[in-house]
Amino acid sequence: MSTPIAISRQHGMDAIVLESPDGARATILLHGGHIVSWVPAGGAEQFYLSPQSAFASGQAVRGGVPVIFPQFAGRGPLQKHGFARSKPWQLVLAEQTSEDALAVLRLTDDAATRMFWPHAFELELSVRLSGRDLQIELACENKSEQAFDFTAALHSYFRVNDLDEASVQGLSGLHYWDSVENVEKMQRVDLLLPGGDLDRIYTQVKEPLLLREQGISTERRLQIRQQGFDDAVVWNPGATKCVQLADMPADGYKQMLCIEAATVAHPIRLEAGDVWVGRQDLTLL
Ligand SMILES: O=P(O)(O)OC[C@H]1O[C@H](O)[C@H](O)[C@@H](O)[C@@H]1O
């Protein structure tokens, strides 16, 4: 038995609010196919959402999980991070079952996307919510007659109470591109303590990552697993760059850390008719 979920309004935009029977909750805007909130069962908000974010057509939301496609950052001729995050997506399905809640959203090419990127595609974002799990899947089908290349990411902004008390585990031994210093390096220590101004593309990420936060009497442990995506981007703008972001408070960087499932280093080549799938699965332990 499943119950359909109707479109509601959140942040002045069309949205789906997923609620699983065990009390977990997630909100997805049709604008950008953008998850803006996730509260696991018995837990607190896991995503950072800037109080100064724009919620307007054609603009990107600052926080949550922007879908980056078909170009990561400025690595190509398109607008930064491509167009998917600022386009209206269509709702395919939203329902609650006795075990979970699920939404599927779709973005296809149109005259505007083909002007910049001359390919026919179908992107599908599936979000499954249950208990302390959030599973995010991005699928891309090549609907054109020729192969195309793209880069992509699920650019998740995790909320932290205090950046100084947050750490990321599971990166040791990985090579990364340091986008601040423009140099390739290797992660030697297991625990990454993300101070400000950090922008790294870790390549060939196979093991789960763990975002940890030490409170006075509690410890938050959020497991981040990815599949289909080769790389993980860890980003925090730090004080100086944060001030330059018009849609973020000056000290907003202290409350967030991006850990993104991404394919950046080697673009994905998708043959005509083929489908690529990437996912980021989150579990509050
Ligand atoms: O400000 P945006 O266009 O949303 O980009 C935000 C950030 O995204 C990624 O994490 C990149 O690695 C950063 O270099 C970039 O600054």
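Since the model is a prediction, treat every value here as computed from it, not as a measurement. (Residues numbered from 1 in each chain as written. Predicted model: local features only at pLDDT ≥ 70, side-chain atom pairs only at ≥ 80, totals over all residues.)

On to the nonpolar core, then. Counting residues in hydrophobic clusters, the biggest one holds 76 residues, and the most contacted among them are F158, V234 and I259. Of all the elements, strand 21 (residues 256-270) adds the most residues to this core, at eight residues. Once residues within four sequence positions are removed from consideration, V234 is found in contact with V168, L192, P194, L198, R200, Y202, C258 and I259. (Core = buried A, V, L, I, M, F, W, Y, C linked by C-beta atoms within 7 Å. Buried ≥ 20, exposed ≤ 12 C-beta atoms within 10 Å, placed from the backbone. Helix = DSSP H or I, 4+ residues; strand = E, 2+ residues; numbered from the N terminus. Contact = placed C-beta atoms within 7 Å.)

Let us now look at the sheet that holds strand 3 (residues 13-19). Reading across the sheet, the four strands line up as 2-3-4-5 and stay open at both edges, with antiparallel pairing between neighbours. Of all strands in the sheet, those with a lone pairing partner are strand 2 (8-10) and strand 5 (34-39), marking the two edges. Across the sheet, the mean angle separating the axes of adjacent strands is 35° when strand polarity is ignored. Bridge count between strand 4 (residues 25-29) and strand 5: five bridges; the pairing is antiparallel. (Pairing = 2+ DSSP bridges. Axes fitted to C-alpha atoms, helices over the stretch in contact; angles between N-to-C directions.)

The two faces of the sheet receive side chains in turn, since in a regular strand these alternate between them. With respect to burial, strand 4 is a largely interior element, four of its five residues being buried. Joining the antiparallel neighbours strand 3 and strand 4 is a turn of five residues, in which G23 adopts a positive phi near 100°. Joining the antiparallel neighbours strand 4 and strand 5 is a turn of four residues, in which G32 adopts a positive phi near 80°.

What follows deals with the sheet that holds strand 10 (residues 133-142). Sheet architecture is open: ten strands sit in the order 1-7-8-9-10-22-19-18-13-16, paired in antiparallel fashion. In this open sheet, the two strands that pair with only one neighbour each are strand 1 (3-4) and strand 16 (191-192). Pairing analysis gives two bridges linking strand 13 (residues 166-169) to strand 16, with the strands arranged antiparallel. Opposite Q169, over in strand 16, you have L191 as the bridge partner.

Attention now goes to the pairing of strand 10. Only one face of strand 10 is covered, namely the one carrying L134, I136, L138, C140 and N142; the face carrying D133, Q135, E137, A139 and E141 has none of its residues buried. Pairing of strand 9 (residues 121-130) with strand 10, which is carried by ten bridges, proceeds in the antiparallel orientation. Each residue of the ladder has a partner; that of S126, found in strand 10, is E137. Between strand 9 and strand 10, which follow one another and run antiparallel, lie two residues, and G131 among them has a positive phi close to 50°.

Before going further, it helps to spend a moment on the confidence of the model for the chain. Looking at the chain, pLDDT values average 96 and 100% of them are 70 or higher. The ipTM value of the predicted complex is 0.98, and its pTM value is 0.97. (pLDDT = per-residue confidence, 0-100.)

Relative to the elements of secondary structure, N142 occurs in strand 10. For N142, a count of 21 C-beta atoms within 10 Å gives the class buried. Along the sequence, N142 and A120 sit 22 residues apart, while their C-alpha atoms lie 6.4 Å from each other. Each residue touching N142, except ones within four places of it in the same chain, is listed here: F121, A147, F148, L270, E271, A272, G273 and D274.

Relative to the elements of secondary structure, T27 occurs in strand 4. Residue class for T27 comes out buried when judged on the 22 C-beta atoms lying within 10 Å of it. Once residues lying within four places of it in the same chain are set aside, the contact partners of T27 are Q10, A15, V17, V36 and S37.

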